Amino acid sequence: MSSSASDSASQFKEKAQQLYDCGKVQESYFILENAISRYPSDLSIVYSYLSFLQNVGENEPIATQLEGFDRSIALLLNCLTHIALGEVDSVVNMIDDFRSKREKLISLLSNNENTFDEQHHLWLNAVADSFREDFPTDDRSLERLICDIEAFQEIIPESMAGSSPATRLDTYLKRARLAREFDAVKMDVDNRLSKHCLSKDSTLAPYSLQHLETLLRGFSVDSENLDKGRVYKLKNLIEKLRETSDHVASSIKKREAKIKWKDYQTTYKNDLDRYSRGVNIVRGYGPQIFADQVIETNMATIRRLMQSAQEVIPVTIGTPSAKDVYEELTKLSSLIVQMAAEQQKKYERWAIGRIKSGYIIGSEHAGMIDDEKKIAQSLIDHFGEIDIRLLGHESQLIYSEVFSLLFERLDKPSRNATKDFKSESNKLYTLEQMMLKSKKCLSDF
């Protein structure tokens, strides 16, 4: 080891000795453990550490003595992987010596029941009385605490198993193990959240988050056995997990909405492009998009587009895609209104054309032989197909005026039902035939 490294090691030993002399035993242990981790092959630091541990007298509680042996053995075992070959035998001999002393202590206690019970009452009460509200936060100290308690329990005689100190020690061990389990789960959750292991684009992310939340909820049920510090961390972690879950769910919903809307636009691209230019149906007023087509066919197509868009709405609620869907629906709805109005106009233009034709034909036959029959047939042929309910106010007036003019020239009923309904020039016959005539619908235009 270099001179600078040796000087640093000496500084660690001096600092540890100062703390030990001031009664800060645990702090001195930590200083030397730090030095050993830095200079694992320097046995002088190890020997200083062992000297502190072995300063524990025989009058100290058995638990303290056993802890000293266990720490010494663990320390020397760790040194075997770092020291030079020539130092191995001496270290192995020291390990065997410590193990022999430990076994001798346990054997002595087992053979002397009075001493055993008396000593155990001393250290067991001391341990039970040392309960603290919080457990160590670092894994190493917590694991050492659990190992110490488990070592103590191995040598508790059956006669003391049900004693109050032993029961309190069992509870303390249970809480320490729960704290260790919580720390492991917390570390896993923190790693997943901090390293973005849960991709917002993954469909499995919600299930992973739900699994983690289930694990944390399990600690909530047993939270009375967690120390206050870990209960606080548990609440914060559950809240953070819930926020992350909401964020992931929102991101997945936005992505699915975007995909759904994109699929809609791709599926109906041709129709949407065609109707995006608006509606110009009447010849002579711009592009003749629908001039030679039945408007109802186009309206049916637009209704299908609207229905498909409405099916996308539930997926897009609360996402940016919702605005696009509503804008498209508004545009399509406006087209439906325009086309319905044009369909109505086309129907009325057709009806007026039929009325004009019927009026011309009827007028031409006025005063001729059998003119009543010809006028009646003209009314049946030209007026019978018109559904007056579909006409606007002005068109209905035209219909009524022309129909009344021609209808008055027909034969009036003679109160002979059989004759009136069979006479081709009779008003009743004409009305019956007009009623039986198939009516044109808006959907025909």
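Treat the numbers as computed from the prediction; the structure is a model and nothing was measured. (Residues numbered from 1 in each chain as written. Predicted model: local features only at pLDDT ≥ 70, side-chain atom pairs only at ≥ 80, totals over all residues. Heavy atoms only, no water.)

A. Region of interest: the overall build of the protein. Check the secondary structure of the protein and you find 17 helices and zero strands. In the protein, 69% of the contacts between residues at least 6 apart in sequence involve partners at least 24 apart. (Helix = DSSP H or I, 4+ residues; strand = E, 2+ residues; numbered from the N terminus. Contact = heavy atoms within 4.5 Å.)

B. Geometry of the packing of helix H10 (residues 228-267) against helix H12 (residues 295-316). The interhelical angle for the contact between H10 and H12, taken along N-to-C directions, is 170 degrees, at an axis separation of 9 Å. Relative to H12, the element H10 is oriented roughly antiparallel. Taken together, the residues of H12 that come into contact with H10 (itself represented by Lys253, Glu256, Ala257, Lys260, Trp261 and Tyr264) are Leu305, Ser308, Ala309, Val312, Val315 and Thr316. Per-class residue counts for the contact of H10 with H12 are seven nonpolar, two polar and three charged. (Axes fitted to C-alpha atoms, helices over the stretch in contact; angles between N-to-C directions. Parallel < 35°, antiparallel > 145°, perpendicular 65-115°, else oblique. Nonpolar A, V, L, I, M, F, W, Y, C, P; charged D, E, K, R; others polar.)

C. Highlighting the confidence of the model for the protein. Here the protein averages 76 in pLDDT, and 78% of its residues register 70 or above. Mean pLDDT across the elements of the protein bottoms out in helix H6 (residues 113-129) (54) and peaks in helix H15 (residues 393-407) (92). Across residues 281-292, confidence stays below pLDDT 50; counting only partners more than four residues off in sequence or on other chains, it has 26 contacts. (pLDDT = per-residue confidence, 0-100.)

D. Seen up close, the environment of arginine 144. As for its placement among the helices and strands, arginine 144 is situated in helix H7 (residues 139-154). Sequence separation between arginine 144 and arginine 71 is 73 residues; the distance between their C-alpha atoms is 9.5 Å. Setting aside anything within four residues of it in sequence, one finds arginine 144 in contact with Phe30, Glu33 and Arg71.

E. Summary view of the side chain of asparagine 426. Locating asparagine 426 in the fold gives a position in the loop between helix H16 (417-420) and helix H17 (427-436). Taking the relative accessible area as the measure of exposure, asparagine 426 reaches 3% and is therefore buried. Among the polar contacts listed, one links the side chain of asparagine 426 to the backbone nitrogen of leucine 428, at a separation of 2.9 Å. Among all residues touching asparagine 426, those that are not within four sequence positions of it are Asp411, Lys412, Pro413 and Asp420. (Buried < 20%, exposed > 50% of the residue type's maximum accessible area, 1.4 Å probe, protein only. Polar contact = N/O pair within 3.5 Å; in protein donor to acceptor, adjacent residues only side chain to side chain.)

F. Representation of the nonpolar core. Ile45, Val46 and Leu76 are the most contacted members of the largest nonpolar core, which has 25 residues in total. Of all elements in the fold, only helix H1 (3-21), helix H2 (25-38), helix H3 (43-54), helix H4 (62-79) and helix H5 (88-111) reach the threshold of two or more residues within this core. The element that contributes the greatest number of residues to this core is H3, accounting for six residues. Beyond its immediate sequence surroundings of up to four residues, isoleucine 45 is in contact with Ala9, Lys13, Leu32, Ala35, Ile36 and Tyr39. Counting residues in each nonpolar core, the second largest holds 20 residues, with Trp350, Ile375, Val402 and Met434 among its members. (Core = buried A, V, L, I, M, F, W, Y, C linked by side-chain atoms within 4.5 Å.)

G. Inspection of the packing of aromatic side chains at higher detail. Summed over all chains, the structure comprises six aromatic pairs. An angle of 10 degrees between the planes, with centres 5.9 Å apart, marks the rings of tyrosine 399 and phenylalanine 403 as stacked. Taken together, the residues tyrosine 399 and phenylalanine 403, both in helix H15 and four residues apart, mark about one turn of the helix. With respect to class, tyrosine 399 is no different from phenylalanine 403; both count as buried. (Phe/Tyr/Trp six-rings, centres within 6.5 Å; stacked < 30°, edge-to-face > 60°.)

H. Examining the pattern of salt bridges more closely. Taken as a whole and assessed by the stated rule, the structure comprises nine salt bridges. Of the charged contacts, one joins arginine 180 and glutamate 143 as a salt bridge, the two residues approaching to 3.0 Å between their closest N and O atoms. Taken together, the positions of arginine 180 in helix H8 (residues 164-194) and glutamate 143 in helix H7 put the pair 37 residues apart, joining distant regions of the chain. Judged by its relative accessible area of 31%, arginine 180 is partly exposed. According to the relative accessible area criterion, glutamate 143 is partly exposed, its value standing at 32%. Of the charged contacts, one joins lysine 331 and glutamate 328 as a salt bridge, the two residues approaching to 3.6 Å between their closest N and O atoms. (Salt bridge = Lys/Arg side-chain N within 4 Å of Asp/Glu carboxyl O.)

I. Looking closely at the packing of helix H14 (residues 371-383) against H15. At a closest axis distance of 10 Å, the pairing of H14 and H15 adopts a crossing angle of 155 degrees. The angle between H14 and H15 falls in the class roughly antiparallel. Facing Ile375, Leu379 and Phe383 of H14, the residues of H15 in contact are Tyr399, Val402, Phe403, Leu406 and Phe407. Within the contact of H14 with H15, the residues separate by chemical class into eight nonpolar, no polar and no charged.

J. View of H17. Taken as a whole, H17 has its buried residues at Lys427, Tyr429, Thr430 and Met434. The buried residues of H17 all sit within an arc of 160 degrees when viewed along its axis, so they share a single face. Across from the buried face of H17, at angles greater than 90 degrees, the exposed residues are Met435 and Leu436. Of the surrounding secondary structure, the elements contacted by the buried residues of H17 are H14, H15 and H16. The N-terminus of H17 is capped by asparagine 426, whose side-chain oxygen sits 2.9 Å from the backbone nitrogen of leucine 428. (Arc of directions from axis to C-beta.)

K. Molecular detail of the environment of lysine 174. Along the chain, lysine 174 falls in helix H8. For the pair formed by lysine 174 and isoleucine 146, sequence separation is 28 residues and the distance between their alpha carbons is 9.2 Å. If we ignore the near neighbours within four places in the chain, the residues touching lysine 174 are Asp222 and Asn225.

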